[in-house]
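Spelled out, the chains give:
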4 protein chains.
Amino acid sequence: MTDTAKEIDPARLEQMLRIAPFHAWLDLRIKSATADRIEIEMPWREEIISNPMIGSAHGGVLATLIDLTGLYALNAQGTQAKATADLRVDFHRPATSGPLIATGQVVKVGRQISVAETRVTGPDGKLLASGRGAYVCGG
Amino acid sequence: MTDTAKEIDPARLEQMLRIAPFHAWLDLRIKSATADRIEIEMPWREEIISNPMIGSAHGGVLATLIDLTGLYALNAQGTQAKATADLRVDFHRPATSGPLIATGQVVKVGRQISVAETRVTGPDGKLLASGRGAYVCGG
Amino acid sequence: MTDTAKEIDPARLEQMLRIAPFHAWLDLRIKSATADRIEIEMPWREEIISNPMIGSAHGGVLATLIDLTGLYALNAQGTQAKATADLRVDFHRPATSGPLIATGQVVKVGRQISVAETRVTGPDGKLLASGRGAYVCGG
Amino acid sequence: MTDTAKEIDPARLEQMLRIAPFHAWLDLRIKSATADRIEIEMPWREEIISNPMIGSAHGGVLATLIDLTGLYALNAQGTQAKATADLRVDFHRPATSGPLIATGQVVKVGRQISVAETRVTGPDGKLLASGRGAYVCGG
C-alpha cells in the first residue's frame, strides 16, 4: 500500500483480510468498502458459540470483529494502521444467528494514533455490539 | 451454583468453562483457581494467527481470553456474573507462541455491575495484553 | 421524571443539569435537546487549563463533558440513568479555546445498562475528544 | 527531564504537577513517588460535587485523577508521556468525602504507547474508582 492510495478496491482488501488465518477461519468477506465506511460479513459457525443454552456467539468473537473492522476501515481510506493499541467493546444483545455484519467508520486519523468505531448487527439489523479501537499508525 | 458457594473447585470450573463450544475449540484449561485469582491456560493453535509474517495471535483471541477469564474470576469467588456488559483491552506485545496464561482478579463486586481484570502472558512470562471487563450481576 | 416522560424540555433539563455544583462551576448550558441528540455548551475558563504552554484544557474536563452529556442524552429521551458505570474517552486534539460543544447520542437503551456516546468539538467545529459511557439504569 | 532520569524527587514532581492550573485548582499534592508507584492526594472541595443529595464527587473529577496520576506514574519512573491518547474509568462507589488518594502504577512502557493504571480511594481506604490511560510517548 502506498501513501498516496486513498481507497482500496474491495477484492484487494478481502485478499489482504484473508491472509490472516483467523480471518479465514471466521470466513470473513468484504461486503462493501469506501473511504467513508466498510462492511465486513461473517457467516455463522457452531464453534463460535459461548452459551449453548441460547446459542449465542462468544463476546470475544464480536470483539474480534470490532477490532479488525476498525483497522480495515482505516486501511480502506488509505491510513496504514500497523497494530491495535487498545480496544473497547459494548455488548448490547446476544448474537444468536448469522451472518453478522460489522460496519466500521474512521473517527479520527492521527499522526501516531488513529481511532475507528464499529457496529455489529445481526440478520434482523439489530445492534448486537459496538465499540472502538485505537490503532498505532506511523512511527 | 448457589449463592453460598464462595469457591468452586478447579475441575468443576473447567467443566463449566468447556461447555462453551468456543472455549472447547480454544482448548482452555483451568490452571489454578482461588477466590483471589484464577489462571486459565490456552495452548497455541495455528488458526488463531492474525499476522502470518510474524505468526502472532489475533488481538480478538487475546480479548476473548480477557473477557472470559474476568468472568470466571468472579465465578470462582462465588459471584454469579451473567454476561459481559463491556470489555477493554490493551495490547502490549505480539503473542507469537503458546501456551498463553490468562490471570484474572476481581477488582470490585457490585450489586449490578462487577469488574474484573486479566493479564495475558506468554511462555516467557512477558505481559502480552491486559484489560478489564464489566460484568452484569444480579437483577 | 416519570416513566412516561419521553422528552424533557431544554429549560427543565438545564435546571436539572445545573443542580450539580460541578456543572454550575463549569457553567454548562443546554444548547439543544431532542430525544435523538443533546448538545451541551461549556464556556472557556482559565482554571480548566492543563498545559499552560499551549493553553489546552485538561483531559479530565473533556472526560467530564463526555460523562455527563451521555447521561443527559439518556435523560432527554426519557431513560432514567442513575449513575455512570464506566467511561471511555479518546483524546483527538488539544482543546485550546471555547466554547466547547458536547453532542451526545444514545447508542443502546438496556434494561440494566444503557450506553451513550458523545463528541466534543471546539469553536471551529473540529473534533477534540469523543467517547462513551455505560450507565446504570433500572434496578 | 533527561532520558537518563529514572526517578524524580516528589517535590520536583509536585512542582511540575501544579504548573497545570486545573491541578492547582484541585489542590493536588504528591503524597509519595517511586519508580514503582505514585500517590497523589486531592482534598475535598464543594465545587466538585455532582449529586448534592448525597454530596458525591463528579465522575469527571475521578476520571481527571485517573488520567493525570497514570501520566505522573510514567513521569516518576522516567518515561516521558506527552499526552493521554485514551482513558477508561470504572466507577465503583460514590466519593463523598476527602481527601481522595489516587495511586498509580505503570502497566507497560512502550515505544509509542505506554499504559498506566490508577486506583482512587477515600479516607476509609475503600476503592471508589479505577481505570487506565494509554499515553503517547516518543515520536
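Residue indices begin from 1 for each chain and proceed along its sequence in written order. Each chain is given a letter, starting from A, and each ligand a number, starting from 1, according to the order in which they appear as written. Where totals are concerned, whole chains, interfaces and linings use all residues; where local detail is concerned, this predicted model gives features only for residues with pLDDT of at least 70, and gives and counts side-chain atom pairs only at 80 or more. Each side-chain value is derived from all of the structure's non-hydrogen atoms; neither hydrogens nor water enter the calculation.

**Let's talk about the overall build of chain A**
Thought 1: Segments assigned H or I by DSSP are reported as helices when at least four residues long, segments assigned E as strands when at least two residues long, and all are numbered from the N terminus. Tallying secondary structure elements over chain A gives 3 helices and 8 strands in all.
Thought 2: Written out in order from the N terminus, the α and β elements of chain A read α-α-β-β-β-β-α-β-β-β-β.
Thought 3: Taken over C-alpha atoms, the radius of gyration comes to 14 Å for chain A, in line with the 14 Å a tight globule of 139 residues would show.
Thought 4: Expressed along its principal axes, the backbone C-alpha trace of chain A runs to roughly 50 × 25 × 25 Å.
Thought 5: Exposure categories follow from relative accessible area, calculated using a 1.4 Å probe and restricted to protein chains: below 20% of the type maximum is buried, above 50% is exposed, and the middle band is partly exposed. Put simply, chain A has 139 residues, and 60% of those count as buried.
Thought 6: Only heavy atoms matter for contacts: two residues are in contact if any of them lie within 4.5 Å across the pair. The long-range fraction of contacts in chain A, counting pairs at least 24 apart against all pairs at least 6 apart in sequence, stands at 59%.
Thought 7: The charge count includes Lys and Arg as positive and Asp and Glu as negative, but it does not include His or the ends of the chains. We put the charge of a Lys on NZ, of an Arg on CZ, of an Asp on CG and of a Glu on CD. Here chain A holds 15 positive side-chain charges and 15 negative ones, and the gap between their average locations is 5 Å. With C-alpha atoms as the basis for the radius of gyration, the globule rule is written as 2.2 Å multiplied by the number of residues raised to the power 0.38.

**Quick notes on the confidence of the model for chain A**
Residues and elements named next belong to chain A.
Thought 1: pLDDT measures the predictor's confidence residue by residue and takes values from 0 up to 100. Taken residue by residue, chain A gives an average pLDDT of 93. The fraction at 70 or more is 94%.
Thought 2: Confidence drops under a pLDDT of 50 for residues 1-5, and excluding neighbours within four residues, the segment shows 6 contacts in the predicted structure.
Thought 3: Interface confidence for the predicted complex, given as ipTM, is 0.94, next to a pTM of 0.95.

**A closer look at the pairing of strand 6 (residues 100-108) of chain D**
Residues and elements named next belong to chain D.
Thought 1: By the criterion of burial, strand 6 is predominantly enclosed, with 7 of the 9 residues buried.
Thought 2: Two strands pair when backbone bridges link them, and strand 2 (residues 38-42) and strand 6 are joined in this way by 5 bridges, in the antiparallel orientation. The partner of isoleucine 38 across the bridge, within strand 6, is glycine 104.
Thought 3: Here, strands pair whenever DSSP counts at least two bridges between them. Direction of pairing for strand 6 relative to strand 7 (residues 113-121): antiparallel, over a ladder of 7 bridges. Across the sheet, the residue bridging to lysine 108 is valine 115, located in strand 7.
Thought 4: Between strand 6 and strand 7, which pair antiparallel in sequence order, lie 4 residues.

**As for the side chain of glutamate 39 of chain B**
Thought 1: Residue position: glutamate 39 of chain B is located in strand 2 (residues 38-42).
Thought 2: Leave out the neighbours within four places in its chain, and glutamate 39 of chain B touches Arg29, Ile30, Lys31, Ser32, Ile101, Ala102 and Thr103 of chain B.

**Here we look at the packing of aromatic side chains**
Thought 1: Two rings from Phe, Tyr or Trp (for Trp, the six-membered ring) form a pair when their centres are within 6.5 Å of each other. A pair whose planes differ by under 30 degrees is stacked, one over 60 is edge-to-face, and the rest are tilted. Evaluated as defined, the whole model comprises 10 aromatic pairs over all chains.
Thought 2: Grouped by ring-pair contacts, the aromatic residues Phe22 and Trp25 of chain A together with Phe22 and Trp25 of chain B constitute a single cluster.

**Re the relation of the copies chain A and chain C**
The two chain copies are related to each other by a rotation about an axis together with a translation along it.
Thought 1: After a rotation of 180° and a shift along the axis of 0.0 Å, chain A superposes on chain C with an RMSD of 0.0 Å. Accordingly, the operation relating the two chain copies is best matched by a two-fold axis. The C-alpha atom lying nearest the rotation axis in chain A is that of arginine 88 of chain A; the distance is 4.0 Å. Residues reaching a pLDDT of at least 70 in both copies supply the C-alpha atoms on which the copies are superposed by least squares.

**Let's talk about the packing of helix 3 (residues 59-76) of chain C against helix 3 (residues 59-76) of chain D**
Thought 1: Interaxial angle, 0 to 180 degrees, is taken between N-to-C directions of lines fitted to C-alpha atoms, where a helix line uses only the stretch in contact. Interaxial distance between helix 3 of chain C and helix 3 of chain D falls to 8 Å at its minimum, and their mutual angle equals 145°. In this structure, helix 3 of chain C meets helix 3 of chain D at a crossing whose hand is right-handed. Contacts between helix 3 of chain C and helix 3 of chain D involve Gly59, Gly60, Val61, Ala63, Thr64 and Asp67 of chain C from the first element and Gly59, Gly60, Val61, Ala63, Thr64 and Asp67 of chain D from the second.
Thought 2: Looking at the contact of helix 3 of chain C with helix 3 of chain D residue by residue, the classes come out as 4 nonpolar, 6 polar and 2 charged. Crossings are assigned a handedness: left-handed for a near helix turned anticlockwise from the far helix by less than a right angle, right-handed for a clockwise turn. For this classification, the nonpolar set comprises Ala, Val, Leu, Ile, Met, Phe, Trp, Tyr, Cys and Pro, the charged set comprises Asp, Glu, Lys and Arg, and every other residue, Gly included, is treated as polar.

**Notes on the relation of the copies chain A and chain B**
Thought 1: Between chain A and chain B, the superposition needs a rotation of 180° and an axial shift of 0.0 Å, giving an RMSD of 0.0 Å.
Thought 2: Comparing contact sets, 100% of the residues at the interface of chain A also lie at the interface in chain B, consistent with an isologous, same-surface contact.

**Re the interface of chain A and chain C**
Thought 1: Taken together, the contact between chain A and chain C spans 13 residues of the former and 13 residues of the latter.
Thought 2: Looking only at chain A, the three residues that lose the most surface to chain C are Asp90, Lys108 and Arg132 of chain A, adding up to 39% of its buried area.
Thought 3: For this analysis, a salt bridge means a side-chain nitrogen from Lys or Arg found within 4 Å of a carboxyl oxygen belonging to Asp or Glu. Remark: the boundary between chain A and chain C carries 6 salt bridges.
Thought 4: Glutamate 117 of chain A is the partner of arginine 119 of chain C in a salt bridge, and the nearest nitrogen-oxygen pair spans 3.0 Å.
Thought 5: Polar contact criterion, stated in full: a pair of N or O atoms within 3.5 Å, where within protein one must be able to donate a hydrogen and the other to accept it, and residues adjacent in sequence count only if both atoms are side-chain atoms. On inspection of chain A and its partner chain C, the count reaches 8 residue pairs in polar contact (both at pLDDT 80 or more).
Thought 6: At the level of secondary structure, the elements contributing two or more residues to the side of chain A that touches chain C comprise strand 5 (81-91), strand 6 (100-108), strand 7 (113-121) and strand 8 (127-137) of chain A.
Thought 7: Class assignment for the residues of the side of chain A that touches chain C results in 3 nonpolar, 3 polar and 7 charged. When two parts are brought into contact, each loses some accessible area as probed by a 1.4 Å sphere; the total of that loss over both is the buried area.

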